[in-house]
Each structure stands twice: as structure tokens, then as C-alpha cells.
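Next come the chains, spelled out residue by residue.
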Amino acid sequence: MKETLGNVPASRLGMTLTDAHHAFFTALPKVELHCHLLGAVRHETFIALAEKSQAPLSRAEIDSFYTRGEKPVGVLRVLRALDDYLLTQADDLHRIAYEYLADAAAHQVRHSEFFWNPTGTVRVSKIPYADAQAAIVTAIRDAARDFGISARLIPSIDREADPDEAVALVDWMRTHRADEVAGLGIDYRENDRPPELFWKAYRDARNAGFKTTAHAGEFGMPWRNVETAVDLLQCDRIDHGYTIVDNPELAASYAERGIVFTVVPTNSYYLRTLAPDVWAEQHPMRRMPGLGLKIHPNTDDPTLHKVNPSEAWQLMFSHFGFSLAELRQFMLNGIDGAWVDEATRNAWRAAWTVEFDRLAATLPG
Ligand SMILES: [Zn+2]
């Protein structure tokens, strides 16, 4: 077991991964549709930003943020610390976005759609929205030039804040429109903050022509939140959505409609609540493809979860027991879920399936 996967229970499948497997998972062409900018900050960059802003955080505290135990606590407190103390100017956002995209591109992520919570940046870090968005958009363009990765930004609602702040956020997005800003998301703690509270922001985003997605059915929150996100807010795709398995009829209808679910094999909630020996077996994600649902694996908070994109895909195989044929379908699901034009989608489908099959042929047995 590699050190970086040390926080998840050992695979029960008795599978030995060869060097060829590791090379396969690294080389696999990927889209990433579910990654939070503040959850992708390099450890050394966190330290550098803390020094620059003279943040009241000890080195031991920072190191603890980057330590993930067997029963990991959530990462939300780390994200708040970044807003509170570390991000003080737009350049800081350029740095962390550019570094995230460099790290993703090194794992053959060809296209990333990543989340950023503007409410914290504006209200807590005191960086104006226009400056912050421009810095991230510049990082996206710089990374495209330097690493060949394409990327889109998803400003995301902080659901712990007042719903009117979400309406203001969509207004900022409309006022400062950029091609790289594709749609609206929502994250932070779902408990007691169901999606319907934010219907106005979602309505405004849709009316303004933005795509939409929502974290729903995370933290064991009920399938009703998934239903609300899809049928009331009219989201184009769903982040997590695991509790949909508790309502097979609803799952069947979303399978029929081809709704893409961006899932996270290292999700803290299930690592914390399921016993290690049954974690992979009882994880609801494992049942989703059997219900016909289109799932696609992601890192979520890569540096905090201690997982990179190649490892997120590897876990689906080595721990959750999905077959290569299923992984191939997950790759296509990701392309279907990406907010790109049809010509790009078709080109990726054609080229990446050829690449996948060529890479899969290098694996033993
Ligand atoms: Zn997430």
C-alpha cells in the first residue's frame, strides 16, 4: 500500500497492483469535475502563504491540516482557515489555481471544472470579486498555455451563509462574465441547509445561461436533497448524491435521463462512519452503476484527502472492485458531464476510447 493511500483501509479484494497498473492509472486521459480550489492547495504553499500573511497558525497546526487519520475529520475547518488568514490578495488565488492545474495536468487531467467559494473570498479575505475571478481566469489561461490543460471555474455557494449571499454571488457572475466561468455550484455542510433554500440563486443562474450543479446527498443527507437539486433547482449534474441508492425508483429515472454523479472515493463521511473491513463493500457508490447511474470518480480536496487524480481512479479498481469496462464507461460519463461543446465532447470520446483501449492492453491478465 502506497503511503499516499494510507488513509483508506487496505483493499479486501486481494488484488496486487503491478507497475503496469500504476502506469495505466497515471496515463489514463481524465476529466476532473469535482475539485475544490482551496482543497487543492499544496502543503508548502499553505506554509508560504501563512508566513506571508503572518497568519496566527503554528507549523504544527498547518501540518495537522495535512494529516489524514483513519477516521478523517472533514476538511471544512481547513478551508475556513484559508479564507480567514491566508488569502489576502488576488495573486494568491492565481498561485493556488495555477499550481492546482499544474498538479492535475501531471496526472493526465486534460480538462478540469473546479469550485471556488467567492463569498468567503469577498466577505472574509476582502478581495473584490472582479479581481479574484480575473486572477483565477488568468491562471486558467496560463495553465492552458503551459500544460495544455483546459479548465472551467465553478463559483460555488457557501450553503452555511445566508441564501441572499448566493443571490448576490450570481449577480457578480453575471456582471463579470468570462468564458471560463461556466456555472454555479453549492458546497459546505449540507446538514440543515437543504438545496431548496437556494432556489433563487439557481433560478437566476439558469436564467443567465449558466450551467448548474449541487453537492447533495453527502454526509448521509437524504435522497430528497438529490431530488430537489435535480427536479426543483434543475441541476445539470450532481456532486456526491450517494443516498440516491435509498430510492431505486428515483435512481432509475435519473439513469434514464443520464444525470452524471461526480463521486469521491475518499469521501470523509464514509471513511468515518463505515468500519474499515466493510468500507468499500458497503459504500453506496459501489451500488450506483448497478442502478444504471452514470458515476465519475474525482479527488474533491486532493491535497487534504492525500489523493491525486490517478489514485482516485485506482481506488475504484483496487478497492471498489469496478472492472476495466466499468472504468471505461466512467471515463465516458465524465466527458458527458463536462460543460464543453458537442464537437469537443465527440472528439474526446473518439480519441480517449482509443487511448483507453491501447493502455488497457498493456495490463497483465
Ligand atoms: Zn466536494
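Residues numbered from 1 in each chain as written. Predicted model: local features only at pLDDT ≥ 70, side-chain atom pairs only at ≥ 80, totals over all residues. Heavy atoms only, no water.

**Some remarks on the overall build of the protein chain**
Consideration 1: Within the protein chain, the secondary structure is distributed over 17 helices and 8 strands.
Consideration 2: Dimensions along the principal axes, computed over C-alpha positions, put the protein chain at roughly 55 × 45 × 40 Å.
Consideration 3: Considering the protein chain as a whole, with its 365 residues, one finds that 57% of them fall into the buried category.
Consideration 4: Long-range contacts, defined as pairs at least 24 residues apart, comprise 78% of the intrachain contacts of the protein chain with a sequence gap of at least 6. (Helix = DSSP H or I, 4+ residues; strand = E, 2+ residues; numbered from the N terminus. Buried < 20%, exposed > 50% of the residue type's maximum accessible area, 1.4 Å probe, protein only. Contact = heavy atoms within 4.5 Å.)

**Examining the pattern of salt bridges**
A side chain with one charge can pair with a side chain of the opposite charge if their charged atoms come near.
Consideration 1: Applying the stated criterion to the full structure yields 21 salt bridges.
Consideration 2: Residue Asp 103 is joined to Arg 42 by a salt bridge in which the shortest nitrogen-to-oxygen separation is 2.8 Å. One end of the pair, Asp 103, is in helix H5 (residues 90–105); the other, Arg 42, is in the loop between strand S1 (30–36) and helix H2 (43–53), with 61 residues separating them in the sequence.
Consideration 3: Judged by its relative accessible area of 28%, Asp 103 falls in the partly exposed class.
Consideration 4: By relative accessible area, which is 23% here, Arg 42 ends up partly exposed.
Consideration 5: Salt-bridge contacts for Arg 203 lead to Asp 204; the nearest nitrogen and oxygen are separated by 3.1 Å.
Consideration 6: Several salt bridges converge on common partners, so that one network encompasses Arg 42, Arg 95, Glu 99 and Asp 103. (Salt bridge = Lys/Arg side-chain N within 4 Å of Asp/Glu carboxyl O.)

**Topic: the pairing of strand S2 (residues 109–116)**
Consideration 1: Summarising burial for S2: 7 of the 8 residues are buried, a large majority.
Consideration 2: Summarising the sheet, S1 and S2 pair through 5 bridges and their orientation is parallel. Paired with Lys 30 across the strands is Val 109, a residue of S2.
Consideration 3: Strand direction decides the pairing type here: S2 and strand S3 (residues 150–158), joined by 6 bridges, are parallel. Its bridge partner lying in S3, Phe 114 is registered against Leu 153. (Pairing = 2+ DSSP bridges.)

**Considering the coordination of the zinc ion**
Consideration 1: Taken together, His 34 (NE2), His 36 (NE2), His 215 (NE2) and Asp 300 (OD) make up the full set of protein donors to the zinc ion, lying 2.1 to 2.3 Å away.
Consideration 2: The site at the zinc ion holds 4 donor atoms, and with the angles between them running 82 to 171 degrees, its shape is irregular.
Consideration 3: Within one chain, the residues donating to the zinc ion are spaced in sequence as H-x1-H-x178-H-x84-D. Of this pair, His 34 sits in strand S1 while Asp 300 sits in the loop between strand S8 (294–297) and helix H14 (302–305); the two residues are 266 residues apart in sequence, bridging distant segments of the chain. Asp 300 matches His 34 in its accessibility class, with the two residues each being buried. (Donors = N, O, S within 2.8 Å, 3.2 Å for Na, K, Ca; no water. Tetrahedral: all angles 85-135°; square planar, octahedral: opposite > 155°, others 65-115°.)

**Thoughts on unusual backbone geometry**
Consideration 1: The backbone phi angle of Asp 192 is positive, close to 65 degrees, even though this residue is not glycine.
Consideration 2: Looking at the element boundaries, Asp 192 is found in the loop between strand S4 (183–187) and helix H9 (199–207).
Consideration 3: Backbone geometry at His 240 places phi at a positive 70 degrees, although glycine is not the residue there.
Consideration 4: By relative accessible area, which is 0% here, His 240 ends up buried.

**What about the packing of helix H1 (residues 19–27) against helix H15 (residues 309–318)?**
Consideration 1: At their nearest, the axes of H1 and H15 sit 8 Å apart, and the two run at 125 degrees to each other. It follows that H1 is oblique to H15 by the angle criterion. Relative to H15, the crossing made by H1 is right-handed. Between H1 and H15, the contacting residues are His 21, His 22, Phe 25 and Thr 26 on the first element and Ser 310, Trp 313, Gln 314 and Phe 317 on the second.
Consideration 2: Class assignment for the residues of the contact of H1 with H15 results in 3 nonpolar, 5 polar and no charged. (Axes fitted to C-alpha atoms, helices over the stretch in contact; angles between N-to-C directions. Parallel < 35°, antiparallel > 145°, perpendicular 65-115°, else oblique. Left-handed = near helix turned anticlockwise from the far one by under 90°. Nonpolar A, V, L, I, M, F, W, Y, C, P; charged D, E, K, R; others polar.)

**Looking at the side chain of His 21**
Consideration 1: For His 21, the position within the fold is in helix H1.
Consideration 2: Given the relative accessible area of 8%, His 21 is considered buried.
Consideration 3: In contact with His 21, other than residues within four places in its own chain, are Thr 16, Phe 317, Leu 363 and Pro 364.

**Points about the packing of helix H16 (residues 324–337) against helix H17 (residues 342–360)**
Consideration 1: Running from N to C, H16 and H17 cross one another at 160 degrees; their axes reach a closest spacing of 10 Å. Taken together, H16 and H17 sit at an angle that is classed as roughly antiparallel. Note on packing geometry: the crossing formed by H16 with H17 is right-handed. Every residue of H17 that contacts H16 at Leu 324, Leu 327, Arg 328, Met 331, Leu 332, Ile 335, Asp 336 and Gly 337 is listed here: Arg 345, Trp 348, Arg 349, Trp 352, Thr 353, Phe 356, Asp 357 and Ala 360.
Consideration 2: Here the contact of H16 with H17 is composed, by residue class, of 9 nonpolar, 2 polar and 5 charged.

**Here's the deal with the sheet that holds S8**
Consideration 1: Reading across the sheet, the 8 strands line up as S1-S2-S3-S4-S5-S6-S7-S8 and stay open at both edges, with parallel pairing between neighbours. Looking at strand neighbours, the two that pair on one side only are S1 and S8, the edges of this open sheet. Pairs of neighbouring strands in the sheet enclose a mean axial angle of 25 degrees, with direction left out of account.
Consideration 2: Inspection of the sheet shows strand S6 (residues 237–240) paired to strand S7 (residues 260–263) by 3 bridges, in the parallel sense. When the bridges of S7 are listed, Ile 238 appears paired with Phe 261.
Consideration 3: Against the sheet, helix H10 (residues 223–232) makes contact with strand S5 (211–216), S6 and S7, and its axis sits at roughly 175 degrees relative to S5, the strand it touches most.

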